[in-house]
Amino acid sequence: MATDLVAAGAVADASDRAARIGAVTIALAWHLAIALPELLGAGSAPAATAVIAAAWLVAAAVGVVAGVRLLRGGLPSAWGLTAVLLVVDAVVFVAVGQPFAPANWAWGGLVWFFLLVLWRRPVGWLLAVLGAHAAIAFAALLASGAHAPADLTRYAMYVYGVSSLPVAVFVGGAALAALARNRAGTATATAAVEAERVAAEQARADRQARLGLVSGTAEEVLAALAAGDADPADPEVRRRCVLAAARLRRLIAESDDVPDPLLHELRAAADLAERNGLPIELVAVGAPPELPVEVRRRLADPVATALADARAWARLTVVAGPDEVVVSLVTPDQDGPDATGPPVGDGGAAGNGDAPVELEHERDGEIRWTQTRWRRT
Amino acid sequence: MDADQMAQDVTEGPPIGVAIVDDHPVVIDGVRTWLAGEPRLRVLATGDDPDAVLRAAPEAEVVLLDLRLHGRMAIDKLAELSAAGRRVVVYSEHTDPDTMLAALDAGAVAFLAKHEGREHCVATVLAAASDRPYVPPALAGAMVGDPRPDRPALSDKEREALLLWFQSMSKASVARRMRISEHTVKQYVDRARIKYTRAGRPAATKAALLARAIEDGLVRPEEIGIYRSQASTDRPTP
């Protein structure tokens with residue numbers, strides 16, 4: 001998805017860059033191949049020729065400045081350069097005297113420079129500047145005394161001829177760039193929607209997995225209670241309720257966004273036991289590293305399960321280092337067999353079997369000891 | 001909980017003099033009552049100022065010191081007393097591992113958490129009087145979880161014994177779990193403690209602990225790299 005985005009951006013950049021190269025090439029080629037011969041081939045007075053040639057050089061300088069700017073990916077300063085070009089325009093028209101004389105390179109040549117300095121600006125700006133260009137030409141026409149209908153027609157044809165092509169290139173380039181930008185925008189939006197969909201699916205899968213973990217215990221107990229099959233006075237039923245509540249509480253804590261999730265989950269289990277009247281001591285030494293939820297589950301689940309069976313008191317300890325985390329629950333050993341049996345099955349069911357968490361559970365007549373230990377492999 | 005075998009050896013001779021420094025009279029009274037049940041111990045002086053208490057009872061062999069006096073952590077005072085050879089047992093409700101390890105570094109003979117109860121308190125004071133280590137479970141937790149890069153290098157067995165002792169608070173259970181004798185469990189735990197005499201600045205109390213550990217055969221001199229320079233100034237080893 002990320003690569004699609006980059007690619008779309010690159011397409012937009014590439015198409016705009018091609019248009020810029022085209023515009024710069026046309027302007028400078030026209031200036032060299034058409035305007036320069038016109039200027040050299042004309043036989044005006046030496047003083048006028050010098051002024052016209054100087055104007056040609058100024059226009060060339062503006063073209064180079066704007067062209068370099070455009071090819072480096074920037075935009076030339078529109079108004080300053082436009083003003084310089086309009087001055088050049090007026091100077092050439094005045095110096096040539098006859099608007100239709102071959103030496104008047106400015107009429108057809110300057111429009112391409114307008115295109116360069118107004119690149120990517122609103123098309124209205126270009127039309128306004130072309131209008132100013134036409135106005136200067138019209139003033140020169142009137143000043144030279146040529147206002148016969150034939151002259152005016154010729155003038156109109158000139159204005160149309162020199163303006164239409166640059167306007168078409170300008171509008172075409174802008175349209176291409178807008179298309180490319182749209183394409184890039186669409187790709188971005190598509191990628192965002194796709195990412196959202198994947199995240200939502202992931203969240204749903206996580207929720208279902210957690211629900212699956214709980215349904216084995218909570219659902220069963222609740223169903224039995226609702227159907228009247230289980231008697232709330234029966235200690236075994238109560239024990240199953242405590243166990244289910246412990247799991248629910250831990251799974252809720254699991255999705256909380258807290259700095260130390262393992263301790264948060266264990267604290268949730270300890271809170272619940274405490275609320276059920278069990279004096280419990282939770283001592284943590286060291287800060288656990290970031291652990292995947294699977295590993296945390298395998299560390300905390302057997303302990304939470306054992307906690308549901310605890311009587312009299314419990315001591316829950318966590319010793320954590322960057323490469324090892326050991327969780328232990330010690331409770332007094334009571335008579336009779338384990339109510340739950342060693343919580344191996346629970347730990348196994350919660351895991352996918354390859355999380356490096358060891359579980360030890362033993363009773364020695366004095367204490368019951370449940371220990372889970374993760375080591376970095 | 002576990003009675004301290006070694007401390008129980010100290011049965012002959014006059015009772016051991018204890019000074020209690022705490023700024024809460026109720027704590028002083030409580031500890032005095034605990035110690036009164038043990039004939040080998042006698043409280044000589046109490047108060048909230050270490051200097052005043054020790055002026056009143058300069059012969060006190062063990063000082064029980066509350067680490068937080070009048071709102072200040074008395075680590076400097078602890079270091080000063082330890083450097084002067086006073087056997088200080090720090091007694092505190094501040095049981096975060098950093099504080100415990102800092103107290104050991106400053107030369108405390110032992111660190112006792114206030115919630116750890118009478119047995120640990122009596123055992124710690126008795127052990128301290130004979131320059132022997134006693135590691136209550138909370139201190140074992142702090143040692144096994146010590147994150148400092150320059151922490152003493154403990155053997156796997158020593159770490160495991162500390163860890164299980166911290167978890168279960170029962171040396172008998174640790175012994176069953178590790179399939180060794182209770183005496184060996186205690187040896188592992190105490191050996192780990194002796195290795196901590198190398199951490200932090202040198203202190204007369206650390207040298208005394210180390211020398212006694214070598215005398216008792218708990219550690220061999222070569223296990224503790226720099227023991228000579230510390231121990232020889234205090235007491236020659238046989």
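Since this is a predicted model, take the numbers as computed values, not measurements.

1. Digging into the overall build of chain A
Scanning chain A from N- to C-terminus turns up 10 helices and five strands. A buried classification covers 34% of the 377 residues belonging to chain A. Once local pairs closer than 6 in sequence are excluded, the contacts in chain A between residues at least 24 apart make up 74%.

2. Quick word on the environment of I367 of chain A
All names here are of chain A. You can see I367 is positioned in strand β5 (residues 367–375). By the C-beta count within 10 Å, which is 21 here, I367 ends up buried. I367 sits 36 residues away from T331 along the chain, and the two C-alpha atoms are 5.6 Å apart.

3. Quick look at the confidence of the model for chain B
Residues and elements named next belong to chain B. Predicted confidence across chain B gives a mean pLDDT of 84, with 88% of residues reaching 70 or more. Low confidence marks residues 1–8, where pLDDT is under 50. Its contacts with residues over four positions away, or in another chain, come to 19 contacts. Contacts of residues 226–238 to residues separated by more than four positions or lying in other chains number 22 contacts, the stretch itself having pLDDT below 50. Under the prediction, the complex receives an ipTM of 0.79, its pTM being 0.59.

4. Side note on the sheet that holds strand β2 (residues 314–320) of chain A
Residue and element names in this part refer to chain A. Reading across from one edge, β1-β2-β3-β5-β4 is the order of the five strands in this open sheet, with mixed pairing throughout. On the outer flanks of this sheet lie β1 (280–285) and β4 (357–363), each paired with one strand and no other. Between one strand and the next, the sheet's axes are offset by a mean angle of 10 degrees, whatever the strand orientation. Packed onto the sheet, helix α9 (residues 293–308) meets β2, β3 (324–332), β4 and β5 and runs at close to 175 degrees relative to β5.

5. Remarks on the pairing of β3 of chain A
All names here are of chain A. With respect to burial, β3 is a largely interior element, seven of its nine residues being buried. Bridging between β2 and β3 involves six bridges; their strand directions are antiparallel. Looking at β3, one finds that V319 is bridged to V326. Following β2, the chain reverses through three residues before pairing antiparallel with β3. In the sheet, β3 pairs with β5 via nine bridges, with the strands oriented antiparallel. Its bridge partner being in β5, E324 is matched across the sheet by R375.

6. Focus: the nonpolar core
Core analysis: the largest hydrophobic core is formed by 113 residues, its most contacted members being V89 and V125 of chain B. Setting aside anything within four residues of it in sequence, one finds V89 of chain B in contact with V62, L64, A108, V109, A110, L112, T124, V125 and A128 of chain B. Residues A23, A27, L115 and A137 of chain A belong to the second largest nonpolar core, which totals 44 residues.

7. Things to note about the pairing of strand β2 (residues 41–47) of chain B
Pairing of strand β1 (residues 16–21) of chain B with β2 of chain B, which is carried by six bridges, proceeds in the parallel orientation. Residue pairing for β2 of chain B: V18 of chain B is matched across the bridge by V43 of chain B.

8. As for the packing of helix α8 (residues 261–275) of chain A against α9 of chain A
Residues and elements named next belong to chain A. Packing of α8 against α9 leaves a shortest axis separation of 10 Å and a crossing angle of 10 degrees. When the interaxial angle is binned, α8 and α9 end up roughly parallel. The residues of α9 that touch α8, namely those facing P261, L262, E265, L266, A269 and A273, are R296, L299, A300, V303, A304 and L307. Looking at side-chain class alone, the contact of α8 with α9 contains 10 nonpolar, no polar and two charged residues.

Quick notes on the rules
Residues numbered from 1 in each chain as written. Chains lettered and ligands numbered in written order. Predicted model: local features only at pLDDT ≥ 70, side-chain atom pairs only at ≥ 80, totals over all residues. Helix = DSSP H or I, 4+ residues; strand = E, 2+ residues; numbered from the N terminus. Buried ≥ 20, exposed ≤ 12 C-beta atoms within 10 Å, placed from the backbone. Contact = placed C-beta atoms within 7 Å. pLDDT = per-residue confidence, 0-100. Pairing = 2+ DSSP bridges. Axes fitted to C-alpha atoms, helices over the stretch in contact; angles between N-to-C directions. Core = buried A, V, L, I, M, F, W, Y, C linked by C-beta atoms within 7 Å. Parallel < 35°, antiparallel > 145°, perpendicular 65-115°, else oblique. Nonpolar A, V, L, I, M, F, W, Y, C, P; charged D, E, K, R; others polar.

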